[in-house]
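Structural characterization, general
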Amino acid sequence: MKDESILNVSGLKVRFRNREKRGFLTGAAEKWKVVLDDISFSVNEGETLGIVGETGSGKSTLARTLVGIYRPVSGEVILNGKRIDYGKKVDLVYLRNNIGIVFQDPIGSLNPRLTVREIVREGIPFNRKISRKEQDNSISEITDLVGLSSSKLDEFPETISGGEKQRVSLARALVNRKKILLLDEPTSSLDVSIQAQILNLLRKLREELSVNYIFITHDFNVIKYMCDRIAVLYYGQFLEVSSVQDLYENPFHPYSAELMNANLTLETSNKFESQYEIGEPSREGCIYVNSCPKRFSKCSLPPPSIPLGNRVVKCWLYSSDDAKN
Amino acid sequence: MTNSTHINDVRKIIASGGSMTRFRSFLKQLMRNWKGRTGALILLSLVLLAIFGYLFAPYNPVSSNAPSFQPPTHSHLLGTDYIGEDIFSWFLVGAGTSLLVGASIAVIAITIGVAVGVIAGYFGGYIDNGLMRVVDVLLVIPGFPLLVILSAFLPPTLETTIIVLGILSWPFISRVIRSQTLTLRRRPYIMASELSGLSGLRIIVRDIIPNLIPLIFINAIFLAIGGVVAQAGLAFFGLGDLRSVNWGTMLYWFQAEDGIVYNAWWWLIPPGIGIILLGVGANFLSNAVYEITQPARGSK
């Protein structure tokens, strides 16, 4: 199985400098804030991985780390069998040539001062010497593929619609063919009918360009429609990674269960009342312990990632040495 | 309805920058805004006065050829000063010097201010901290007293005034530009440019500065006006090159040679009105540019 994985991430940790002001007498605040901790997953050929999580759980940070905007402090990223060293420029270029990204906000991600053509041209790596004519050819090819009419090429982002803007973002990400495309909530700011168009387009592109997606979203319908596997992110940690079907039918982690429950009750009754109290993420032990209905004594220790068949769960409930205690 | 369509046109034009036709149609939009029309008219006539005014000066402004303190007459449209120099000629020739001083100050301050602001805002970290502490120091120093002291020690030429004023006005600009750069810096399209491998300088030139142009334009106009006023203020206190013919030195000689005792209003009013008009014109024009580039605020 490891042979066919294109991207293999293990133990990824990202932290930001803590900008909170220190209290005068309350002592120093922690210097670092860990945003992603012990993130491990792999993306196999022809597979779409979904990443779900609440706002602020680190979804976008993960995406930005994978294209080298942020640097991890520890962990390993292996792309096509090549270990990426974030300190090396060559490796970053390699990373960016193989992993593209589509940002969430279609307005902010397009420079208002450039025409659509110039925006798409940005996707062609600057250091690659390609004649202007070849560039123009690949630009018209990709814009054709994403369904932008050629008359839009000389327009400015302001004059095209939201759906078209997202198509431009896609074209920019794919004009230089990528192995993996990170989609950071690409449909969340579009209305439903446009969402459907974009999702269908993404499915079409997946087949025609044989690109693999990492789909970041908090919309379960999108997950169901697009993804094969799903990773549940909670405050910087993957609590469960499993196939979409498994997660829907039988979520293992209490948090995944809560998410699924919320989703299902919304689908059936249009109303959702959580039976769990919602607590802050815990700083010690299991990160979900403050909200978990199934917590027990062991949860004060950080749980290991436990592989169970083709899924991975980070919860003491499934620990095999449970019997000892 | 028509209003909103042409506002869109303008945003497109401003957004694109560059070619002549776009610039021309930007001017067209500016002319449709009454503030833009008024401001441009006032500033344009003052600029024309500055460039060509001296051709119409009836006398050499620095030669006395009439009785002193003569009120306006046919031969001396704005009367004469304390040694019988023609004030109308002083006003026309002085306009050129004053506006040149203002423009030079604006160019110096904008160049340094934009460079420092963009570099600090884009690169951040130690560079930002270092540059901004320098700016803080310069901003804390009270400007006018420092100007007075510097002008007193440096050789009293017009160039000195220009350089001193230019160097003292950039810190404020760099602050404004830095904060705007910081917000642009967070836009995903800048990230997209970084991902395509563009270097920091290229991103600054290609993605950041073009988005700052309306802000730079408004600040440049105000700097130029501020320059004219500051230079006049210095001259009024007898600092700088007092032999130079400009509106500031007109005010200086008025107070130094007891214009007020002789009730010589014709000597005081022309440079005063010239400076006021500059300020009014600049305000109108910058308001219009602001309304056009920020259509959400709307314009009437």
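Refer to the structure printed above.
Parameters and conventions
- Residues numbered from 1 in each chain as written.
- Chains lettered and ligands numbered in written order.
- Predicted model: local features only at pLDDT ≥ 70, side-chain atom pairs only at ≥ 80, totals over all residues.
- Heavy atoms only, no water.
- Helix = DSSP H or I, 4+ residues; strand = E, 2+ residues; numbered from the N terminus.
- Buried < 20%, exposed > 50% of the residue type's maximum accessible area, 1.4 Å probe, protein only.
- Areas by Shrake-Rupley, 256 points an atom, 1.4 Å probe, with all protein chains shown as cover.
- Pairing = 2+ DSSP bridges.
- Axes fitted to C-alpha atoms, helices over the stretch in contact; angles between N-to-C directions.
- Contact = heavy atoms within 4.5 Å.
- Buried area = accessible area lost by both parts, 1.4 Å probe.
- Salt bridge = Lys/Arg side-chain N within 4 Å of Asp/Glu carboxyl O.
- Expected span 1.5 Å × (residues − 1).
- Parallel < 35°, antiparallel > 145°, perpendicular 65-115°, else oblique.
- Left-handed = near helix turned anticlockwise from the far one by under 90°.
- Nonpolar A, V, L, I, M, F, W, Y, C, P; charged D, E, K, R; others polar.
- Core = buried A, V, L, I, M, F, W, Y, C linked by side-chain atoms within 4.5 Å.

Notes on the overall build of chain B
Along the backbone of chain B there are 11 helices and 0 strands. Starting at the N terminus and ending at the C terminus, chain B contains elements arranged as α-α-α-α-α-α-α-α-α-α-α. A buried classification covers 49% of the 300 residues belonging to chain B. For chain B, the accessible area works out to roughly 14,500 Å², and carbon and sulfur atoms hold 69% of it.

Remarks on the sheet that holds strand E10 (residues 237-243) of chain A
All names here are of chain A. Taken together, the 8 strands give an open sheet; going across it, the order is E6-E7-E8-E3-E9-E10-E12-E11, and neighbouring strands pair in mixed fashion. Each edge of the sheet is formed by a strand with only one pairing partner; in this case those strands are strand E6 (99-102) and strand E11 (306-308). Taken over all neighbouring pairs, the strand axes of this sheet differ in orientation by 20° on average, direction set aside. By the bridge criterion, 4 bridges tie strand E3 (residues 49-53) to strand E8 (residues 212-217) in an arrangement that is parallel. Of the residues in E8, the one forming a bridge with Val 52 is Thr 217. Taken strand by strand, helix H5 (residues 162-174) contacts E6 and strand E7 (180-184), and its axis lies near 170° from that of E6.

A look at the interface of chain B and chain A
Tallying the contact residues gives 23 residues for chain B and 22 residues for chain A. Where chain B abuts chain A, roughly 2,100 Å² becomes buried across the two surfaces, and 60% of that area is made up of carbon and sulfur atoms. The salt bridge partner of Glu122(A) is Arg206(B), with a shortest N-O separation of 3.3 Å. Considering each element in turn, the side of chain B that touches chain A owes the most residues, 7 residues, to helix H8 (residues 188-195) of chain B.

Comments concerning the pattern of salt bridges
Residues and elements named next belong to chain A. The full count for this structure, using the stated rule, is 19 salt bridges over all chains. In this structure, Arg 229 and Glu 47 form a salt bridge, with 3.1 Å as the shortest nitrogen-oxygen distance. Of the two residues, Arg 229 sits in strand E9 (residues 229-234) while Glu 47 sits in the loop between strand E2 (32-44) and E3, which places them 182 residues apart along the sequence. Pair check on accessibility: Arg 229 and Glu 47 agree, each one buried. Of the charged contacts in the structure, one is a salt bridge between Lys 152 and Glu 164, with a shortest N-O distance of 3.6 Å. Residue Lys 152 is located in the loop between helix H4 (132-145) and H5, and its partner Glu 164 is located in helix H5; the two are separated by 12 residues in the primary sequence. Among the ionic contacts, a cluster of salt bridges with common partners joins Glu 118, Arg 121, Arg 132 and Asp 136.

Section: H5(A)
With 13 residues, H5(A) ought to run about 18 Å at 1.5 Å a step, and its terminal C-alpha atoms sit 18 Å apart, in line with that. Taking burial as the measure, the 13 residues of H5(A) include 11 buried ones, the bulk of the element. Inspection of H5(A) places Gly163(A), Lys165(A), Gln166(A), Arg167(A), Val168(A), Ser169(A), Leu170(A), Ala171(A), Arg172(A), Ala173(A) and Leu174(A) among the buried residues, and these make up the whole buried set. Looking at the buried positions of H5(A), the neighbouring elements they touch are E6, helix H3 (116-121), H4, E7 and helix H6 (192-209) of chain A together with H8 of chain B.

Some words on the packing of helix H5 (residues 125-140) of chain B against helix H7 (residues 158-185) of chain B
All names here are of chain B. Running from N to C, H5 and H7 point in directions that differ by 140°, and their axes come no closer than 9 Å. Taken together, the axes of H5 and H7 are oblique relative to one another. Considering only the axes of H5 and H7, their crossing is left-handed. Across the interface between the two elements, Asp 128, Met 132, Arg 133, Val 135, Asp 136, Leu 138 and Leu 139 of H5 pack against Trp 170, Pro 171, Phe 172, Ser 174, Arg 175 and Arg 178 of H7. Among the residues making up the contact of H5 with H7, the classes are represented as 7 nonpolar, 1 polar and 5 charged.

Section: the nonpolar core
By size, the foremost hydrophobic cluster in this structure holds 55 residues, and its most contacted members are Leu170(A), Leu181(A), Leu202(A) and Leu205(A). Sorting elements by how many residues they give to this core places H6(A) first, with 6 residues.

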